[in-house]
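This is what each chain is made of:
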Amino acid sequence: MRFFLISDNVDTLVGLRLAGIEGVVAHEDAEVSEALETVLKTPDIGMILVTEKLMRQFGSHFDQVRQNMAQPLIVEIPDRHGAENGKDRITKYVRDAIGVRI
């Protein structure tokens, strides 16, 4: 299983390429659609990493894949500037889900 990155900035792409993850930079709707089509035609890609900004802008493309396909898994990642949802996102999620403060 391989990973593939769809990013909105070159820095994230370069950083993940150093870890051996291929990807593309996309800024427009057509670029995101084309990248998704290419990835979905590659059967050994099991996970698509998508930056938060792209997920916020073009989430409907990724939602269609999530709803209609079992694989690949789509994971939203922060970019080089950090998480937009805050660094305590997981702590907040646990607190809201089970009512326990950690």
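Up top is the structure these notes are about.
These lines cover the structure that appears in this document, whether it is placed above or below.

Definitions and limits used
- Residues numbered from 1 in each chain as written.
- Predicted model: local features only at pLDDT ≥ 70, side-chain atom pairs only at ≥ 80, totals over all residues.
- Heavy atoms only, no water.
- Patch = residues over 30% accessible without salt bridge, like charges linked within 9 Å, V, L, I, M, F, W, Y side chains within 5 Å.
- Areas by Shrake-Rupley, 256 points an atom, 1.4 Å probe, with all protein chains shown as cover.
- Salt bridge = Lys/Arg side-chain N within 4 Å of Asp/Glu carboxyl O.
- Helix = DSSP H or I, 4+ residues; strand = E, 2+ residues; numbered from the N terminus.
- Buried < 20%, exposed > 50% of the residue type's maximum accessible area, 1.4 Å probe, protein only.
- Pairing = 2+ DSSP bridges.
- Axes fitted to C-alpha atoms, helices over the stretch in contact; angles between N-to-C directions.
- Expected span 1.5 Å × (residues − 1).
- Arc of directions from axis to C-beta.
- Contact = heavy atoms within 4.5 Å.

1. Regarding a nonpolar patch on the surface
Then comes step 1: Together, Val 10, Val 14 and Leu 18 make up an exposed nonpolar region whose accessible area comes to about 320 Å².
Then comes step 2: If you trace the backbone, Val 14 turns up in helix H1 (residues 10-18).
Then comes step 3: The exposure class assigned to Val 14 is partly exposed, which follows from its relative accessible area of 45%.

2. Here we look at the sheet that holds strand E4 (residues 73-77)
Then comes step 1: The four strands are arranged E2-E1-E3-E4 in an open sheet whose pairing can be described as parallel. Two strands in the sheet have a free side with no partner beyond their single neighbour: strand E2 (22-25) and E4. Across this sheet, the average inter-strand angle for adjacent strands is 20°, counted without regard to direction.
Then comes step 2: As paired strands, strand E3 (residues 45-51) and E4 are joined by five bridges and run parallel to one another.

3. A look at helix H2 (residues 29-40)
Then comes step 1: Over its 12 residues, H2 runs 17 Å from end to end, which matches the ideal 16 Å to within 8%, given 1.5 Å per residue.
Then comes step 2: Those residues of H2 that sit buried are Val 32, Ser 33, Ala 35, Leu 36 and Val 39. Angularly, the buried residues of H2 cover 165° about the axis, an arc narrow enough to put them on a single face. Opposite its buried face, H2 presents the exposed residues Ala 30 and Glu 34, each directed more than 90 degrees away.
Then comes step 3: Residues of H2 that are buried make contact with strand E1 (2-7), E2, E3 and helix H3 (52-68).

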